[in-house]
Amino acid sequence: FSPYTLAGHSFQGGGVELNPGRFTFKSMYGRLRRSVVADLNSLQNIESAYRRLGWGVMAGYETANGESIKAILFKGWDDPSSIPPPDTSSNLTPKENTVISLIGKKKLGSKASIQVDYAMSALTMNSLSPQVDDHTGILQTIGGLFSPKSSSGYHNAIKTALQFQTKFG
């Protein structure tokens, strides 16, 4: 979807892409990572990992002259029951992430354009941690799709690009 949402991550599942006219709609659902249980008797140093599932949707519009706007919503989470509980010395915890992203491109005259990619991520490092009630705003809960926990944090990313087209390069 974008570098700040699915970031080209492969998944096992299904997806749909529709392009009616100037509109674009994409959606996906699937397993992003399979569960792995560490084997202490193995010669390989394999770390345990929870099964990670996720879904995402994107909607966008592009004009005839190349200007565009896209909105992306992505949610990924680990299944805590996919592996046996790790020992207390392990730092392995099930995680959860919800991301909202906006991408826009605007022409600035006939030879220049600007592109902006902004994403807000709500990341919970341990989805088994207690829920907190002091983050109840629509941005903190991402419209009700995210339940803030004591191990949750919010992160922002922005990428801008200014492009010039010339005849000599």
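Each value, and the rule that gives it
- Residues numbered from 1 in each chain as written.
- Predicted model: local features only at pLDDT ≥ 70, side-chain atom pairs only at ≥ 80, totals over all residues.
- Heavy atoms only, no water.
- Helix = DSSP H or I, 4+ residues; strand = E, 2+ residues; numbered from the N terminus.
- Buried < 20%, exposed > 50% of the residue type's maximum accessible area, 1.4 Å probe, protein only.
- Lys, Arg positive; Asp, Glu negative; His and termini not counted.
- Salt bridge = Lys/Arg side-chain N within 4 Å of Asp/Glu carboxyl O.
- Contact = heavy atoms within 4.5 Å.
- pLDDT = per-residue confidence, 0-100.

Some remarks on the side chain of D117
Here D117 shows up in strand 6 (residues 112-124). There is no salt bridge for the buried D117, and the closest opposite charge comes from K159, which lies 4.9 Å off by N-O distance. Residues contacting D117, with those up to four places away along its chain left out, are S2, P3, Y4, S101, L102, I103, A157, I158 and K159.

Quick look at the confidence of the model for the protein chain
Mean pLDDT over the protein chain works out to 86, with 88% of the residues at or above the 70 mark. Taken element by element, the protein chain is modelled with least confidence in strand 7 (residues 152-164), mean pLDDT 92, and with most confidence in strand 3 (residues 51-62), mean pLDDT 95.

Re the pattern of salt bridges
All told, the structure shown has five salt bridges when counted by the stated rule. The partner of R33 in a salt bridge is D78, and the shortest N-O contact between them spans 3.8 Å. Here D78 lies in strand 4 (residues 68-79) and R33 lies in strand 2 (residues 23-33), a separation of 45 residues in the sequence. D78 gets classed as buried once you look at its relative accessible area, which sits at 4%. In this structure, E96 and K75 form a salt bridge, with 2.6 Å as the shortest nitrogen-oxygen distance.

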